[in-house]
Amino acid sequence: MDSHPSFAPSGTQMQVPGMLDANLRVRGRVQYAMDAKMPGMLHAKLLRSPHAHARLVSIDASRARALPGVIAVITGPDLADRDDIYPYYGPIFRDQSVLVMDKARFVGDPVAAVAAIDLDTAQAALDLIDVEWEELEPVLSLDDALAASSIVHDEPPRLGQTFADIIVRTEANSNICNHFKLRKGDIEDGFAKADHIFEDVFTSPPVQHVPMETHNCVAWWENGVLRLISATQMPFSVRAQLAEIFKVPQTRVRITVPTLGGGYGAKTYAKVEPVTAVLAQVTGRPVRLHLTREEEFVTITKHGMQIRMKTGVTRDGKIVARHSTCYFNTGAYADIGPRLIKNGGFGTGGPHKIDNVWVDSYAVYTNLAPAGAFRGYGVSQAAWAYESQMDMIADRLGWDPYEFRMKNLLNEGEPVMTGEPMYDAHFKDLLATAAERIGWDANVKAVRHGNKVRGKGLSVIIKASVTPSTSSASVKLNEDGSLQILSSAVEMGQGAETTLSVLGGEVLDLRLDQVSITHPDTDFTPYDQGTSSSRNTYSMGTAVKMAVEDIKQQLFKLASDELEVAIGDLEVFKGRVQVKGVPERSVGYGDLVRKARAGNLLATAVYASNGGLDPETGQGIGSVHWHQAAGAAEVEVDLDTGRIEVLKYHAGVYAGRIANPAQAELQTEGNIAFGLGQALYEEMIYDGGQLQNGNLGDYMIVSIEDMPKQISLDVLERHESHDIHGIGETSLPPCMPAVGNAVFRATGVRILDLPITPEKVLRGLRAIARPQAHGQEIDA
Amino acid sequence: MTAEDTVAGVTARAVDGDGRISITLQVNGREQRIQVRPHHTLLEVLRNELGLTGPREGCGVGMCGACTVLVDGRPVSGCLLPAALAEGHELTTIEGLEGPNGELHPIQQAFVDHTGFQCSYCTPGFILTSKALLAEQPDASRDEARAYLAGNLCRCGSYVKILDSVMDAKERLKG
Amino acid sequence: MPEPLRLFQPTSIEEAVAVLAELGDDAKVVAGATALTLLYRQRLIAPGALVSIGRIPGLKTIEVVDGELRLGALVSHREVELSPVVRGSIPVVADAFGKVANVRVRNAATVGGVMAESDYASDPPAVFVALDAVVDVQGSNGKRSIPASEFFVAFYETALEHDEIVIGVRVPVPPAGTGAVYHKFVTRSSEDRPCVGVAGVVRLHADGTVADLRVAVGAAAETPQRFRDTEALAIGKPLDADLIAQVADAYADQVDTLDDMRGSAWYRTEMVRVWVRRAIESAAAAPAR
């Protein structure tokens, strides 16, 4: 793999490192939220429910309060008594309370919080809180939830201010949290046209994000203002939520966000902040809450999901109809589930031209840890279904999976599942490259050497970026010609701050050391919807570029007077405005700022994308542009054990314009690591509502040894494009079906339920009478 | 401060009124005398008492390596070692790697040049483990490096560029 | 603030044992302290006192004496893994210790610790059981030696009395011509603990018949599983595919496999069958020494 010690965007003087603050990072000196220390800071611990579903009968914290060193203990009932607090939160439904008030809804639901002088004391205090529970029938599975003999949320959802694109459709006295519908074309007519109809059920388990830095924040109150340093991907969402909880204007909540130790969706929306802020208020002191790894596992997860997918194809290989019924297990609280089911739901339409598509996608409450945003945002689950089924259909009808895909992938201008035309379509390019890099051969299914058999698999996916969405940025050009970007983009390892500095700096042809960028601070950096959904480089990048462009126009206006030429005859070059092609007739930015007596030039820009879907048909604008990726895997399966080794993986993703090559590769490689873990073993295992593997000794993530030794990347760039496509998640969803398809091609074993464990493969091999009869054999 | 606690002729480490014992650690070449509770881990003490934020907790069970500390040059999980048992050993954290004027160690420089990280939470652990690797096996192959580094987890999945960094660092160290 | 943990750091085995005898179950012995810290932090144990044996001299030996490899209790996993003495006498012991967890744990965890912990998913115990190792322990009543096969009693339970400390492990060096292997089979990440781990020891006569065959299966049940009657059936017979399959099937039938996130009981039984076969095959093919 090439490395990029530095990168020079064409036509600029910039030398771009992979990460601006790389030197700090390799010294271990970059500061995370958890490194913040405040004088007099207290340490918090949470007492959590041991039951999946239980009514809180009584809680007595008097013994804990009496323990020396304990400064405060708060319980749910304490909060219920307070008029100055609205103790509920949640990005769509306010269905989560700061602490359990009436009943616990999952094992780990926090019921009391302690603030003490040190962690030892806080921990000891937890043991002194007496809680009486009345256990209720738990809702532990999708079947339990749909049977509705027990209801997770008894009351209708409390709504609050939320997103423009939310479609809310709940059902009373049920565990259906939300229902998204898509109706494209005429589904009955579509299936009537089909010569073959296939119906299969696929499942994905809940998995955990496992950011290396767990959720944490420090909260304190200063002159009536709630201040937080928090590891969050969404400072403005958290601010709004806290203002609502404390019934204060948003100006009375100030959140700053240092760099994050990973997020992957886990750190979207309020999580640890509400309870910490209450503790800070009650104690009048700074309070830190820093979750343990075990707590992190029950804070937020990827949605477990079941998809029933019915697809109709004609005898000449065209997909003419698809009906998907999707159940997303959103756990005990909705979090962003009601919106995620939309993306995951329409995502089941896939990157194929299908005239007739119906989707019914449900978020379902259960008594498991809450599920929310997770890298891939529902599309991983959807792609697992449709890309597995593509190969299943091809196999049943004797077609080459590659050709079958090529016949159905969207072309330029053809309507996607939400009805809008696809533009900048690159699915076929991506698939062709993937097939070439993996060495796809339609005639060779499996290659066997002794008890090992190899096979290859392909997949292609489509993914939306949240639409509509809004980013804004402010910029200041100082009187020394340096540029300051005020942005609320969260740096969580994706190089956001580096990339935005490049995008801003290149507009004025500055050196990178002349550009600086702030961390988010809700008092000073302007609004951003959040660093999620692979939207930052495109959305915030656009806002930054617009703002710097504004500065450039201001400079031109000033320079036009100074140099006595028309604005149209000016250009920027190496930090100066010059008459086009005449460097001798130029003036420095700083000189212009000083002569204008402006102190600094200021500009602010808002980028808001438009779109949204019709609530009845799911038709409209699903995404400002569509993210596209392909994957190809070669696996080797041990026929005696079922164990899979991924020998080679290829990831292809369309980037539009690449803003930072090192980061583009890193994120794509990161998606491979994420995807292979989910393909092969990541899974939260519950027994009676108790998580069995909620720590990193029992829950495995991909190690360096688990990475394929051969990895190839195709970060596809279209040089004339100024449209940057987010790639933070895009190459993840293809991984799981590419591996599943490769395993099938190697062995004839089709796994419908992730992860593809050795045991499932071995059972599959046993179920096939003679596995070695499958495919073409070449004995070593 | 408290009465001597002797059992069968063996005296327990004396604790103060706050339940703390006094220990002396050699950290990055400096002797540090601190008060800790006997159950406090080396990781907790380095972070909380000595203000070293390079070692970080990732899992608390010795699996991830974000808390890696070199003990007499050998990588150990700071989260699984009671600080009191680290007495008498040379301890090195990432803060101890750079030169007197802040010059980067060649391994650190290689990680910068290859961008061998994303969120960089795990980076100090990887760099320290790489240092031990290249001290033990100056000619380590890419596969040997994979095996040695397998116990350091990077959830961002920067593994390809981490290996690139380590292989480059190997050449730089040979000078 | 919770009750403080008392820390004792005796400088002789006798002192350590005396403290243990007096404090009873409230005291825990630590060496590398990895396992204990883990359990303590997960709040699975709450001892009142730690007895650190790290300052006791004489427990760090690695030597071959009287045809036995002797490993002191304080020798780290990593030292076993890299030791030329171990590699030169019984390389499978070095291999097995080298397969434990990661390099950090191997630097801290000790021979005595892995024995005393008796974690079913550890790697070295099966190897020690297969090699007929003996565990030397010392308590208030003096020293005694316990065969490894009797040392591991159940989950996290050994034949140690509460006042006894492991002081070392002795492993008879197998006769020249013996092949010995340890296969660690993981079902998830490279960093996972074994779903099954099988130690196989094979020595053949010149005519290809079995002179010695020993197999111990780890991680599949509460303790390492070895079936001497099954082993005995192979002695004197030609080591062919049928015989190996017979032994593998017999192990699969006899191990009462457990169920965990690394594999169900059914799957483990099948893996015992596969890996016992593979262990015997590779032990038979292993470079004789």
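Residues numbered from 1 in each chain as written. Chains lettered and ligands numbered in written order. Predicted model: local features only at pLDDT ≥ 70, side-chain atom pairs only at ≥ 80, totals over all residues. Heavy atoms only, no water.

Caption draft 1: Region of interest: the overall build of chain B. For chain B, the count of helices and strands is five helices and seven strands. The helix and strand sequence of chain B, counted from the amino end, reads β-β-β-β-α-β-β-β-α-α-α-α. With respect to the principal axes defined by its C-alpha atoms, chain B has extents near 55 × 30 × 25 Å. Looking at the 175 residues of chain B, the share that counts as buried comes to 66%. Counting contacts in chain B only where the partners sit at least 6 residues apart, residues at least 24 apart contribute 52% of the total. (Helix = DSSP H or I, 4+ residues; strand = E, 2+ residues; numbered from the N terminus. Buried < 20%, exposed > 50% of the residue type's maximum accessible area, 1.4 Å probe, protein only. Contact = heavy atoms within 4.5 Å.)

Caption draft 2: Up close: helix 8 (residues 273-283) of chain A. Residues and elements named next belong to chain A. Across the eleven residues of helix 8, nine count as buried, placing the element largely inside the fold. Listing the buried residues of helix 8 in full gives Glu273, Pro274, Val275, Thr276, Ala277, Val278, Leu279, Ala280 and Thr283. Immediately downstream of helix 8, the backbone of glycine 284 shows phi near 70 degrees, a positive value.

Caption draft 3: The arrangement of the packing of helix 11 (residues 379-397) of chain A against helix 18 (residues 735-747) of chain A in detail. Residue and element names in this part refer to chain A. Remark: helix 11 packs on helix 18, axes separated minimally by 8 Å, with the N-to-C direction vectors making an angle of 30 degrees. One way to sum up the angle between helix 11 and helix 18 is to call them roughly parallel. For the element pair helix 11 and helix 18, the recorded crossing hand is right-handed. Contacts between helix 11 and helix 18 involve Ser380, Ala383, Trp384, Glu387, Ser388, Asp391 and Asp395 on the former and, on the latter, Met736, Pro737, Gly740, Asn741 and Phe744. Broken down by class, the residue content of the contact of helix 11 with helix 18 amounts to five nonpolar, four polar and three charged. (Axes fitted to C-alpha atoms, helices over the stretch in contact; angles between N-to-C directions. Parallel < 35°, antiparallel > 145°, perpendicular 65-115°, else oblique. Left-handed = near helix turned anticlockwise from the far one by under 90°. Nonpolar A, V, L, I, M, F, W, Y, C, P; charged D, E, K, R; others polar.)

Caption draft 4: Here's a closer look at the interface of chain B and chain A. Residue-level contacts link 50 residues of chain B with 59 residues of chain A. The residue arginine 37 of chain B makes a salt bridge to aspartate 120 of chain A at a minimum N-O spacing of 2.6 Å. Taken together, the connections running from chain B to chain A amount to 28 residue pairs in polar contact (both at pLDDT 80 or more). Within the residue set of the side of chain B that touches chain A, elements represented by two or more residues are helix 1 (42-49), helix 2 (106-114), helix 3 (123-136), helix 4 (142-149) and helix 5 (159-174) of chain B. A per-element tally of the side of chain B that touches chain A places helix 5 of chain B first, with six residues. Of the residues contributing to the side of chain B that touches chain A, the split by class is 22 nonpolar, 15 polar and 13 charged. (Salt bridge = Lys/Arg side-chain N within 4 Å of Asp/Glu carboxyl O. Polar contact = N/O pair within 3.5 Å; in protein donor to acceptor, adjacent residues only side chain to side chain.)

Caption draft 5: Broad picture of the sheet that holds strand 6 (residues 103-104) of chain A. As summarised here, the arrangement of the three strands in space is 6-2-8 (chain A), forming an open sheet in which the pairing is antiparallel. A single partner strand is all that each edge strand has here, and the edge strands are strand 6 and strand 8 (130-135) of chain A. (Pairing = 2+ DSSP bridges.)

Caption draft 6: Expanded view of the pairing of strand 5 (residues 68-72) of chain C. Residue and element names in this part refer to chain C. In terms of burial, strand 5 is a largely internal element, four of the five residues being buried. As paired strands, strand 4 (residues 62-65) and strand 5 are joined by four bridges and run antiparallel to one another. Opposite isoleucine 62, over in strand 5, you have leucine 71 as the bridge partner. Between strand 4 and the antiparallel strand that follows it, strand 5, lie two residues; aspartate 66 among them carries a positive phi value of about 50 degrees. Where strand 5 and strand 10 (residues 165-172) come together, five bridges link them in antiparallel fashion.

Caption draft 7: Expanded view of helix 1 of chain B. Residue and element names in this part refer to chain B. Where helix 1 is concerned, the buried positions are Leu42, Leu43, Val45, Leu46 and Arg47. On its buried face, helix 1 sits against strand 3 (21-27), strand 4 (30-36), strand 5 (68-71) and strand 7 (90-92). Two residues or fewer past helix 1, glycine 51 is found with a positive phi of approximately 65 degrees.

Caption draft 8: Layout of the side chain of asparagine 741 of chain A. All names here are of chain A. One can find asparagine 741 in helix 18. A polar atom in the side chain of asparagine 741 sits 3.4 Å from the side chain of aspartate 391. A distance of 3.0 Å separates a polar side-chain atom of asparagine 741 from the backbone oxygen of leucine 458. Setting aside its immediate chain neighbours within four residues, asparagine 741 contacts Glu387, Ser388, Asp391, Arg405, Lys456, Gly457, Leu458 and Arg750.

Caption draft 9: Examining the domain arrangement of chain B more closely. All names here are of chain B. For chain B, the assigned domains are domain 1 (17-96) and domain 2 (106-174). Each partner contributes residues to the interface: domain 1 has 15 residues there, and domain 2 has 14 residues. Carbon and sulfur atoms make up 63% of the area that domain 1 and domain 2 hide from each other, which totals about 1,100 Å². The largest contributions to the domain 1 side of the interface with domain 2 come from Arg56, Leu70 and Ile94, which together make up 41% of the buried area. Between the two partners, domain 1 and domain 2, sit zero salt bridges. Its residues placed into classes, the side of domain 1 that touches domain 2 shows six nonpolar, seven polar and two charged. (Domains from an automatic or database assignment. Buried area = accessible area lost by both parts, 1.4 Å probe.)

Caption draft 10: Focus on the domain arrangement of chain C. Residue and element names in this part refer to chain C. In terms of domain boundaries, chain C breaks down into domain 1 (6-52), domain 2 (62-172) and domain 3 (178-285). The C-alpha centroid of domain 2 is placed 19 Å from the C-alpha centroid of domain 1. With 13 residues of domain 1 at the contact, the number on the domain 2 side is 13 residues. Where domain 1 abuts domain 2, roughly 1,000 Å² becomes buried across the two surfaces, and 73% of that area is made up of carbon and sulfur atoms. Three residues stand out in domain 1 for area buried against domain 2, namely Ile13, Val17 and Thr34, and they jointly supply 37% of the buried area on that side. Inspection of the domain 1/domain 2 interface yields zero salt bridges. Taken together, the links from domain 1 to domain 2 amount to one residue pair in polar contact (both at pLDDT 80 or more). Among the elements that take part in the side of domain 1 that touches domain 2, helix 1 (residues 13-23) stands out by supplying six residues, more than any other. Here the residues of the side of domain 1 that touches domain 2 are counted per class, giving eight nonpolar, three polar and two charged.

Caption draft 11: Inspection of the packing of aromatic side chains at higher detail. The full count for this structure, using the stated rule, is 20 aromatic pairs over all chains. Judged by centre distance (5.3 Å) and plane angle (80 degrees), the ring pair of tyrosine 120 of chain C and phenylalanine 155 of chain C falls under edge-to-face. Placement of the pair is tyrosine 120 of chain C in the loop between helix 7 (111-117) and helix 8 (124-130) and phenylalanine 155 of chain C in the loop between strand 8 (152-154) and strand 9 (157-158), with a sequence separation of 35 residues. Of the residues examined, tyrosine 120 of chain C reaches a relative accessible area of 16% and is grouped as buried. Centre to centre, the rings of phenylalanine 151 of chain C and phenylalanine 152 of chain C are 5.3 Å apart; their planes meet at 85 degrees, and the pair counts as edge-to-face. Given the relative accessible area of 0%, phenylalanine 151 of chain C is considered buried. Each member of the aromatic cluster is reached from another via a ring pair, and the members are Phe180, Phe346 and Trp626 of chain A. (Phe/Tyr/Trp six-rings, centres within 6.5 Å; stacked < 30°, edge-to-face > 60°.)

Caption draft 12: Summary view of the interface of chain C and chain A. Counting residues at the interface gives 24 residues for chain C and 30 residues for chain A. Of the roughly 2,100 Å² buried between chain C and chain A on both sides combined, carbon and sulfur atoms contribute 53%. Taken together, the links from chain C to chain A amount to five salt bridges. Across the pair arginine 277 of chain C and aspartate 640 of chain A runs a salt bridge, and its minimum N-O distance is 2.9 Å. Linking chain C to chain A there are 13 residue pairs in polar contact (both at pLDDT 80 or more). Counting residues per element, the side of chain C that touches chain A draws most heavily on helix 12 (residues 265-285) of chain C, at eight residues. When grouped by side-chain class, the residues that make up the side of chain C that touches chain A number ten nonpolar, six polar and eight charged.

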